[in-house]
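Structural overview for review
Chain by chain, the residues run as shown.
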Amino acid sequence: MNYNAAAYFESKLDHYPFLQSSYYSEQKYIVFDKPIEVFLQQAPATTGTIMARKESIIRAGLFDTDLLMQQDIHLFLRLALKCKYGFIGKPLLAKREHKNNTTSDPAITLEWRLKAYRKLISDPEFAKYKEKLRNQIFNISTDLCYLNRKAHSFNRALTCSIQSIRSKPTSTKGWKNMVASILRIS
């Protein structure tokens, strides 16, 4: 399956409403100054879709080689904390996807995204954004719990529900997921 990254973002503008003006106006591009608040909700980039100055990437700390996946999201969030981002609302990249892509399994992708967010929550530069990161960790853990229960991986689902409870102890969703995992309810 082939798709264009810009067309991909355009097809999912409900997830990226802040990009709409670059697609549906006379503007050729839009620029955001340090868009960390927006990117913490949903970072709109993949590795092949950005161009950055070498100094900016070095200043942000390069790719984290401890992460096997989601290094791009981790780096882009660190860049969004320090740099301006510009978006061009037209196709600039073609990307090939197939069933054996490393990102074709949503559970694996989410597990690595969870690791990336956990690294950020312990980063002192992200202290101001701990609550937003906790929300993301909760949402990812909840999604992982559902995926694991659906796949009958109840021990993994239980682990994910515990992670979500650690992020938001007062949320009933995390507790319900834990009970469903223990009772082996898909």
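Rules of the game
Residues numbered from 1 in each chain as written. Predicted model: local features only at pLDDT ≥ 70, side-chain atom pairs only at ≥ 80, totals over all residues. Heavy atoms only, no water. Phe/Tyr/Trp six-rings, centres within 6.5 Å; stacked < 30°, edge-to-face > 60°. Helix = DSSP H or I, 4+ residues; strand = E, 2+ residues; numbered from the N terminus. Buried < 20%, exposed > 50% of the residue type's maximum accessible area, 1.4 Å probe, protein only. Lys NZ or Arg CZ within 6 Å of the ring centre and 35° of its normal. Axes fitted to C-alpha atoms, helices over the stretch in contact; angles between N-to-C directions. Parallel < 35°, antiparallel > 145°, perpendicular 65-115°, else oblique. Left-handed = near helix turned anticlockwise from the far one by under 90°. Contact = heavy atoms within 4.5 Å. Salt bridge = Lys/Arg side-chain N within 4 Å of Asp/Glu carboxyl O.

With that settled, consider the packing of aromatic side chains. Evaluation of the coordinates by the stated rule reveals two aromatic pairs. Aromatic pair Phe-39 and Tyr-85: ring centres 4.7 Å apart, planes at 70°, arrangement edge-to-face. Taken together, the residues Phe-39 in helix α3 (residues 36-39) and Tyr-85 in strand β3 (residues 84-88) connect sequence positions 46 residues apart. Phe-39 gets classed as buried once you look at its relative accessible area, which sits at 0%. Given the relative accessible area of 9%, Tyr-85 is considered buried. Between Phe-126 and Tyr-129, the aromatic rings sit 6.4 Å apart at their centres with planes inclined by 65°, giving edge-to-face as the arrangement. What makes Tyr-129 buried here is its relative accessible area of 8%. Over the face of the ring belonging to Trp-112 we find Lys-115, whose NZ or CZ atom lies 3.9 Å from the ring centre. The side chain of Lys-168 reaches across the aromatic face of Phe-138, ending 4.9 Å from its centre.

Glancing now at the packing of helix α7 (residues 130-150) against helix α8 (residues 154-167). Close contact between α7 and α8 brings their axes to 8 Å; oriented N to C, the two are set at 160°. As judged from the angle between their axes, α7 and α8 are roughly antiparallel. Remark: the crossing between α7 and α8 carries left-handed chirality. Between α7, through Arg-134, Ile-137, Phe-138, Ser-141, Thr-142, Leu-144, Cys-145, Asn-148 and Arg-149, and α8, the contact on the second element is made entirely by Phe-154, Arg-156, Ala-157, Cys-160, Ser-161, Gln-163, Ser-164 and Ser-167.

Here we come to the side chain of Ser-181. Here Ser-181 lies in helix α9 (residues 172-182). Apart from the residues within four sequence positions on either side, Ser-181 is in contact with Cys-145, Arg-149, Phe-154, Ala-157, Leu-158 and Ser-161.

So, about the environment of Val-179. Counting through the fold element by element, Val-179 comes out in helix α9. For Val-179, a relative accessible area of 46% corresponds to the partly exposed category. The spacing of Val-179 and Leu-158 is 21 residues in sequence and 8.4 Å in space, taken between C-alpha atoms.

In total, this model carries six salt bridges according to the counting rule given. Across the salt bridge formed by Lys-82 and Glu-125, the nearest N and O atoms sit 3.1 Å from each other. One end of the pair, Lys-82, is in helix α5 (residues 71-82); the other, Glu-125, is in the loop between α6 (106-121) and α7, and 43 residues separate them in sequence. Salt-bridge contacts for Arg-156 lead to Glu-111; the nearest nitrogen and oxygen are separated by 2.5 Å. With Arg-156 in helix α8 and Glu-111 in helix α6, this pair connects stretches of sequence that are 45 residues apart. Residue Glu-111 is classed as partly exposed on the basis of its relative accessible area, which comes to 22%. Among the charged side chains, a salt-bridge network with shared partners connects Asp-64, Asp-66 and Lys-119.

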